Amino acid sequence: MTIRVRFAPSPTGSLHIGGVRTALFNWLFARQNNGAFVLRLEDTDLERYLTDAERGITTSLQWLGLDWDEGPEVGGLFGPYRQSERIDLYRAEAQRLLKSEMAYLCYCTPEELAIMRQEARQSGLAPRYNGKCRHLDRAARQKKEAAGFLPVIRLKTPGEGSTIVSDLIRGEVSFENNTLDDFIIMKSNGIPTYNFACVVDDSLMQINYVIRAEEHLSNTPKQILLYRALGYNLPFFAHVPMILAPDRSKLSKRHGATAVEEFRLQGFLPEAIVNYLALLGWSPGDEREKIPLNEIIKLFSLNAVSKSAAIYDLKKLTWLNAQYLNSLPLERIITDAIPFFQKLGLIPDQTEQIDYLYLAKVVETVRTRIHTLVELAEAATYFFKTDFDYEEKGVRKFFSPLHAAEILVHGREVLAKTEPFDLSTVEAAYRNLSHTLGVAGGKLIHPTRLALTGKTFGPGLFDIMVTLGQTKCLERLDRAIIWIKNNLG
């Protein structure tokens, strides 16, 4: 049996980490088992549908590397892969249920339904449809239609017994049938409800493993009843745990970025996001936090997915992103970083005008101490701009003491004679100067760093010097010496 799974988002908003984690678990399961990963867009909510949202979903999945074997832009044997293009299929299956008397037409008005709900509450029961139209004869139906009533289609559900959901993560979960009313499968406008369209699509697309979020577990007994009524084979179900905020509340914008596009714009790498989300609710069986994707594919198992809610930890994701920024090939980081450097005006917008050799040196120097591509560009600003200010705390601490300008003059003299201008030679020259002047290394290093960068913290000073090059170092030391004399006397 070829394993077939699907990710079926609704294009009504941005793709958030909960949806991505569901897509990822499906994708991992398919890739591990040489199966098919299907993307289906559930776009029948016409009032909330957004074209940009559909584009955002597909773009985000592509950026994360979660490619689909069938779906929009790819095609496949079981299309179309947008529900809005499958309406005739749903209507045909609904008519089949009507013909077999597994479903019926309901003409109840919103006012009548409201009265039913109120009566149920007054009786201490859960609000539910009371089956009023279940036994209407043909004459009664014709009378309703002649009066202009547009019917919905409801499924006949059993009033007693229970429906068991066999879940690969949660075991057997039982639902009492008397809590399920005769629910609507087709609206009066001819559009299917979520549960009905989902079941028809999953069956006709031969989806045999339904891996989805825990909040869909309550829909599953209804869907099982639909599978049985339609004569479809049941898939295997697996409901993955929710993702909660650190305070165990529902995750929202107040807890930081939650949409894929937000993470991309903030300078996160797709590898870090995929790695982090894989570990939200699943464990490889050890304490590792940074795991290559090819290894995650080999290790992934639904049996190792937790039943408990996963806790969103932005600090851990940010830490993990820093690990990838420091370990991925330099060429890859440069490619991803270019838009962030361009946004700050550090490099030309025309790629053919970029000094890639210098940019590579800068990225290699800076990337070990930052967490995102945004931080990378911001931390690299002084490598490209010379009109920076000196940090006030640095001025007070390293430029204000007596002889600061004199120390920088000595440093300039040494650097002007240093050949070759490489890491070991520059460092040796400055260490020797410290010894010659009889001052601690910090007395020389700290004011020099401030002179070259305007900052008191950053990469190693000698790495900065070599990256800037001899000419720029001398120019910046000259600028600092003049500034000290003019402003601090």
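Below or above, wherever it landed, is the structure these notes cover. Since this is a predicted model, take the numbers as computed values, not measurements. (Residues numbered from 1 in each chain as written. Predicted model: local features only at pLDDT ≥ 70, side-chain atom pairs only at ≥ 80, totals over all residues. Heavy atoms only, no water.)

## A word on the overall build of the chain
Link 1 in the chain: Broken down by element type, the chain carries 20 helices and 11 strands.
Link 2 in the chain: Against the 2.2 N^0.38 benchmark of 23 Å for 489 residues, the chain shows a C-alpha radius of gyration of 32 Å, more extended than a compact globule.
Link 3 in the chain: Projected onto its principal axes, the C-alpha coordinates of the chain cover approximately 105 × 45 × 45 Å.
Link 4 in the chain: Long-range pairs, those at least 24 residues apart, make up 75% of the contacts in the chain with a sequence separation of at least 6. (Helix = DSSP H or I, 4+ residues; strand = E, 2+ residues; numbered from the N terminus. Rg over C-alpha atoms; globule rule 2.2 N^0.38 Å. Contact = heavy atoms within 4.5 Å.)

## Examining the pairing of strand 4 (residues 152-155)
Link 1 in the chain: Neither face of strand 4 is left uncovered, since the one carrying Val152 and Arg154 and the one carrying Ile153 and Leu155 both have all their residues buried.
Link 2 in the chain: Pairing between strand 3 (residues 103-106) and strand 4: four bridges, direction antiparallel. If you follow cysteine 106 over to strand 4, its bridge partner there is valine 152.
Link 3 in the chain: Two strands pair when backbone bridges link them, and strand 4 and strand 7 (residues 184-186) are joined in this way by two bridges, in the antiparallel orientation. By the bridge assignment, arginine 154 is partnered in strand 7 with isoleucine 184. (Buried < 20%, exposed > 50% of the residue type's maximum accessible area, 1.4 Å probe, protein only. Pairing = 2+ DSSP bridges.)

## Quick word on helix 18 (residues 441-453)
Link 1 in the chain: Helix length check: helix 18, at 13 residues, gives a terminal C-alpha distance of 18 Å against a target of 18 Å (1.5 Å per residue), a fit within 8%.
Link 2 in the chain: The set of residues buried in helix 18 consists of Leu444, Ile445, Pro447, Thr448, Arg449, Leu450, Ala451, Leu452 and Thr453.
Link 3 in the chain: At the exit of helix 18 stands glycine 454, carrying a positive phi of roughly 80°. (Expected span 1.5 Å × (residues − 1).)

## Quick word on the sheet that holds strand 7
The strands making up a sheet are joined through hydrogen bonds of the backbone, oriented either antiparallel or parallel.
Link 1 in the chain: On the basis of which strands lie adjacent, the open sheet formed by three strands has the order 3-4-7 and antiparallel pairing. Each end of this open sheet is capped by a strand with a single partner; those strands are strand 3 and strand 7. Each strand of the sheet is rotated relative to its neighbour by a mean of 45°, with strand direction disregarded. (Axes fitted to C-alpha atoms, helices over the stretch in contact; angles between N-to-C directions.)

## Brief notes about the nonpolar core
Link 1 in the chain: If you look at the biggest cluster of nonpolar residues, it comprises 107 residues, and the most contacted ones within it are Phe341 and Met465.
Link 2 in the chain: Per-element accounting of this core gives the leading share, nine residues, to helix 1 (residues 17-32).
Link 3 in the chain: Not counting residues within four places of it along the chain, the set of residues in contact with methionine 465 comprises Leu415, Phe421, Val426, Tyr430, Thr448, Leu452 and Cys473.
Link 4 in the chain: Core analysis: the second largest hydrophobic core is formed by 36 residues, Tyr107, Met186, Met205 and Leu217 among them. (Core = buried A, V, L, I, M, F, W, Y, C linked by side-chain atoms within 4.5 Å.)

## Considerations on the packing of aromatic side chains
Link 1 in the chain: Here the structure, examined in full by the defined rule, presents 16 aromatic pairs.
Link 2 in the chain: Both rings, one in phenylalanine 341 and one in phenylalanine 384, keep their centres 5.8 Å apart while their planes meet at 75°; by these two values the pair is edge-to-face. Of the two residues, phenylalanine 341 sits in helix 12 (residues 330-343) while phenylalanine 384 sits in the loop between helix 14 (373-379) and helix 15 (392-399), which places them 43 residues apart along the sequence.
Link 3 in the chain: By relative accessible area, phenylalanine 341 is classed as buried at 0%.
Link 4 in the chain: Summarising the aromatic geometry, the rings of phenylalanine 388 and tyrosine 390 are spaced 6.0 Å apart at their centres and angled 85° between planes, so their arrangement reads as edge-to-face.
Link 5 in the chain: Since its relative accessible area comes to 9%, tyrosine 390 is described here as buried. (Phe/Tyr/Trp six-rings, centres within 6.5 Å; stacked < 30°, edge-to-face > 60°.)

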